[in-house]
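Chain by chain, the residues run as shown.
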Amino acid sequence: MSTSHLALGIGIGSQSQAGAWLEVFYPYPLLNPTAALVDVFKHQLGYEGGNQVIALDKDSIPALATALTQAEYEQLAELLAISQDSEQPLVITILESDTAPASLAEVYLKLHLLSNRLVKPHQLNLTGMFGLLPNIAWTNQGPIALDELNDRRLQARLKGEWLTVVSVDKFPRMADYVVPAGVRIGDADRIRLGAHLGEGTTVMHEGFVNFNAGTLGTSMVEGRISAGVVVGKGSDLGGGCSTMGTLSGGNNVVISVGENCLLGANAGLGIPLGDRCTLEAGLYLTGGSKVTLLDDQGQEVKTIKASELAGQSDLLFRRNSQTGRIECKTNKSAIELNEALHAHN
């Protein structure tokens, strides 16, 4: 029997005219597949273990689909059956361990695991992924290699068609691959594949969620959740607010927002917050910001760097309107999200 494995997926991909992989869609990614399922691919395709991407020969589909049906994996068998006559290439990606990805197909499987809520941000090794993902023109006619874009645009015009370029990026829109249950998304362009949206999350039109980042439960997102940032349930990110990601200045410090927190409109966060914290509108707080601590009577206690308060709960950060200094005191009133906005996502 096979040893335990991390993940498995049957993918439908896109390639450039030169045969380079552009992207892979995994309709039914699996976390911790059973040994019996892995053995099907071992016996049918000669899988020998490790992390492997197997290009699927269409001639092998009938026997593989039959074996999957006999093993009671009807969903995967049906996927193969309906894909048999497609001209799109198929791949089987099997990950035995969570090592750094070695191919585009492996990266896409891990991004699918995140957006399907099978894993949480920071639970997968994504080291080196940027070097494996090409910049692609994402269009209304699918992904196109950049060096083929002009020819495709010309071909479309000659047919009386219009080729629309939605973005030029390494990442596609999450909603073109995964729409997790119980969420609302105002603008699908602003959620990248690999984002993790907890059930009950609402992302308004100006909200943004990067890959390997997101929410863990009911949240209101009107600001930016940068790469690597995780927001706890019950928290509200006000319009135009920003969180400092590990790719944009956060370095090795993982910025996170605890449960029932509020980041005011146009605020900025550069330290991790515990639960029930409030950051005043317009205040950008970095680890090096000098913060004056106040007691319950509003009297100054001492001044420290904001980084010394990282991860602590029940804090209110504000700017003194007369002196301009940043102050911190105990947060007496945690926010409560409007249940009506999230209950029927």
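Residues numbered from 1 in each chain as written. Predicted model: local features only at pLDDT ≥ 70, side-chain atom pairs only at ≥ 80, totals over all residues. Heavy atoms only, no water.

- Per an unreviewed UniProt entry, the chain goes by the name 2,3,4,5-tetrahydropyridine-2,6-dicarboxylate N-succinyltransferase and belongs to Pokkaliibacter plantistimulans.
- UniProt's Subunit (unreviewed entry) comment on the chain is quoted here verbatim: "Homotrimer."
- We quote the UniProt Sequence similarities (unreviewed entry) comment for the chain here in full: "Belongs to the type 2 tetrahydrodipicolinate N-succinyltransferase family." (UniProt positions renumbered as here; feature names shortened; annotations may be inferred.)

Quick word on a nonpolar patch on the surface
- A contiguous nonpolar patch, built from Leu 146, Val 165 and Val 168 and spanning about 220 Å² of accessible area, is present on the exposed surface.
- Considering the arrangement of structural elements, one finds Val 168 in strand S8 (residues 165-169). (Patch = residues over 30% accessible without salt bridge, like charges linked within 9 Å, V, L, I, M, F, W, Y side chains within 5 Å. Areas by Shrake-Rupley, 256 points an atom, 1.4 Å probe, with all protein chains shown as cover. Salt bridge = Lys/Arg side-chain N within 4 Å of Asp/Glu carboxyl O. Helix = DSSP H or I, 4+ residues; strand = E, 2+ residues; numbered from the N terminus.)

Regarding the pattern of salt bridges
- If you walk through the whole model with that rule in mind, you get 8 salt bridges.
- With a shortest N-O distance of 2.8 Å, Arg 173 and Asp 189 are connected by a salt bridge. Taken together, the residues span a long stretch of sequence, with Arg 173 in the loop between S8 and strand S9 (184-185) and Asp 189 in the loop between S9 and strand S10 (195-196) at a distance of 16 residues.
- The salt bridge partner of Arg 325 is Glu 300, with a shortest N-O separation of 3.1 Å. With Arg 325 in the loop between strand S26 (315-319) and strand S27 (326-330) and Glu 300 in strand S25 (residues 300-305), this residue pair connects regions lying 25 residues apart in the sequence.
- If you follow the salt bridges from partner to partner, you end up with Glu 300, Arg 318, Arg 325 and Glu 327 in one network.

A few points about the packing of helix H1 (residues 35-45) against helix H2 (residues 61-70)
- Where H1 meets H2, the closest approach of the two axes is 10 Å, and the angle between their N-to-C directions is 155°. In terms of their interaxial angle, H1 and H2 are classed as roughly antiparallel. Here H1 and H2 pass one another in a crossing that is right-handed. Between H1, through Leu 37, Val 40, Phe 41, Gln 44 and Leu 45, and H2, the contact on the second element is made entirely by Ala 63, Leu 64, Ala 67 and Leu 68.
- Here the contact of H1 with H2 is built from residues that sort into 8 nonpolar, 1 polar and no charged. (Axes fitted to C-alpha atoms, helices over the stretch in contact; angles between N-to-C directions. Parallel < 35°, antiparallel > 145°, perpendicular 65-115°, else oblique. Left-handed = near helix turned anticlockwise from the far one by under 90°. Contact = heavy atoms within 4.5 Å. Nonpolar A, V, L, I, M, F, W, Y, C, P; charged D, E, K, R; others polar.)

Digging into the environment of Asp 295
- Of note, Asp 295 is situated in the loop between strand S24 (290-294) and S25.
- C-alpha separation for the pair Asp 295 and Thr 330, spaced 35 residues apart in sequence, amounts to 7.8 Å.
- Within the structure, Asp 295 has its side chain in polar contact with the backbone nitrogen of Gln 297 (distance 2.9 Å). (Polar contact = N/O pair within 3.5 Å; in protein donor to acceptor, adjacent residues only side chain to side chain.)

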